[in-house]
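# Examination of the molecular architecture
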Amino acid sequence: MTQHRRHRMALAAALAVAALALAACGRDDGKKPASQVAVKVNKEEITVHQLNNQLAQFRNLAPEQQKAATKQILERMIDQELLVQKAIEKKLDRDPRIMQAIEANRRQILSQAYLEQLTQQATKPTADEIKKFYAERPELFSERKIYRLQELAIPQREGVTSATLEEEIKKAKSLNDVVAWLKSKNVPFNANSTVKSAEQLPLDVLPRLAKVGVGQVMLLPAQQGFLLVQVAAVESQPLDEKQAQPFIEQYLANQKRVALAQDEVKGLRSTAKIEYVGDFAADAPAAAPKPAAAAPKAGEKSAIDKGISGLR
């Protein structure tokens, strides 16, 4: 399946959910001004506002793409409206499973909308904050490298531990020696070759990898086992502070928004009455003591995810 085809299917599915949710919430019987109507589908109308709302999800469209994209989205909305009308005719909007799915989407949309509104209050990173981050992460910027890596993904097995793997790495003259040992133990593995820039690697891994020489192997914990990484080649591609500034600014801004959202949820939990019932009561988390002082102000530092996805 082509990427274009997958994209169109995803778009259709998303619009179908939105259309069904709108249908379940009830329709407006009032007539809309003709200028607001893009198309009439049987007795229902698709408005220019609805069309523009969907079109807004596609950013950075070139002028020559605008007309074609508008037509494509409108045709998809017509298809979905026809399906919605049939779903309502079959009373699917009253099916408990469908009602639950619509409610789940409604909750997700509302909670996300509140967080987006809240995080607009996050302050922009200052010049000093950007400069400090640049100085503290030379492996990302001033000493940035592109790594060509050979990887072995090894699942957890009896007799295969970090200690045994480290021992084999020390004895091995190359990654092939480790592969031979794994085969001798009938341990399955997946081999992969990849090229990654510094910002595509986890922050906790990058400093260690920066110290690994070409040909050397590093062992990392993985979700369901281990990842053996050999540095096949390294290319230096540093970024000066001016080049790095927009990436750092975006990353720090994202971190501030995450911190603000986490603080808000923490504050809401501290003042809410949350009672776990039945089987869930036994596994309920211990109640945190009520803070004696006022809750932290929005924007104060809190624990944040240390991934570098904002720099990608």
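The following refers to the structure shown. (Residues numbered from 1 in each chain as written. Predicted model: local features only at pLDDT ≥ 70, side-chain atom pairs only at ≥ 80, totals over all residues. Heavy atoms only, no water.)

### Examining helix H4 (residues 96-119)
For clarity, the cut-off: Each helix is a run of DSSP H or I of at least 4 residues and each strand a run of E of at least 2, with the numbering of both proceeding from the N terminus. Each residue after the first adds 1.5 Å to the expected span of a helix. Only protein chains enter the accessibility calculation, which uses a 1.4 Å probe. A residue is then buried if its area is under 20% of the maximum for its type, exposed if over 50%, and partly exposed in between. Whenever two N or O atoms come within 3.5 Å, that pair is a polar contact, provided that in protein one can donate a hydrogen and the other can accept it, and provided that, for residues adjacent in sequence, both atoms are side-chain atoms.
The first and last C-alpha atoms of H4 sit 34 Å apart over 24 residues, in line with the 34 Å expected at 1.5 Å per residue. Taken as a whole, H4 has its buried residues at Ile 102, Leu 118 and Thr 119. Looking at where H4 begins, the residue whose side-chain oxygen comes 2.8 Å from the main-chain nitrogen of Arg 97 is Asp 95.

### Let's talk about the pattern of salt bridges
Here is the rule we go by: Take a side-chain nitrogen of Lys or Arg and a carboxyl oxygen of Asp or Glu: if they are within 4 Å of each other, that pair is a salt bridge.
By the definition in use, this model includes twelve salt bridges. In this structure, the salt-bridge partner of Glu 168 is Lys 171, at a minimum N-O distance of 3.2 Å. Pair noted here: Glu 168 and Lys 171 are both in helix H6 (residues 162-171), with a separation of three residues, about one helical turn. Taking relative accessible area as the criterion, Lys 171 reaches 54% and is therefore assigned exposed.

### Thoughts on the pairing of strand S1 (residues 37-41)
The condition is simple: By this definition, two strands are paired if DSSP reports at least two bridges between them.
Sheet analysis places S1 next to strand S2 (residues 44-47), joined by four bridges and oriented antiparallel. Within S2, the position partnered with Val 37 by the bridge is Thr 47. Between S1 and S2, which follow one another and run antiparallel, lie two residues, and Asn 42 among them has a positive phi close to 55 degrees.

### Some thoughts on the packing of aromatic side chains
Selection rule: A pair of aromatic rings is counted whenever rings of Phe, Tyr or Trp (Trp by its six-membered ring) have centres within 6.5 Å, and the orientation is called stacked for planes under 30 degrees apart, edge-to-face for over 60 and tilted otherwise.
Counted by the stated rule, this structure contains three aromatic pairs. Between Phe 133 and Tyr 251 the ring centres are 5.2 Å apart and the planes differ by 40 degrees, which places this aromatic pair in the tilted class. Highlighted residues: Phe 133 in helix H5 (residues 127-136) and Tyr 251 in helix H9 (residues 241-271), separated in sequence by 118 residues. With a relative accessible area of 11%, Phe 133 lands in the buried category. Ring pairs connect the aromatic residues Phe 133, Tyr 134, Phe 141 and Tyr 251, which therefore count as one cluster.

### Observations regarding the sheet that holds strand S4 (residues 190-197)
Rules: In this description, a line fitted to the C-alpha atoms serves as the axis of each element, helices being fitted only across the stretch in contact, and the angle between N-to-C directions of two axes falls anywhere from 0 to 180 degrees. Note on definitions: a residue-residue contact is assigned when non-hydrogen atoms from the two residues lie within 4.5 Å.
One open sheet holds the four strands; their spatial order is S4-S3-S6-S5, and the pairing between them is antiparallel. Of all strands in the sheet, those bounded by a partner on one side alone are S4 and strand S5 (217-222). Put simply, the sheet's adjacent strands are angled 30 degrees from each other on average, direction ignored. Note that S5 and strand S6 (residues 225-236) share six bridges and pair antiparallel. Bridge assignment links Leu 219 to a residue of S6, and that residue is Leu 228. The strands touched by H6 are strand S3 (145-155), S5 and S6; relative to S5, the strand with the most contacts, the crossing angle is about 165 degrees. Strands in contact with helix H7 (residues 175-184) are S3, S5 and S6; relative to S3, the strand with the most contacts, it is inclined by about 10 degrees.

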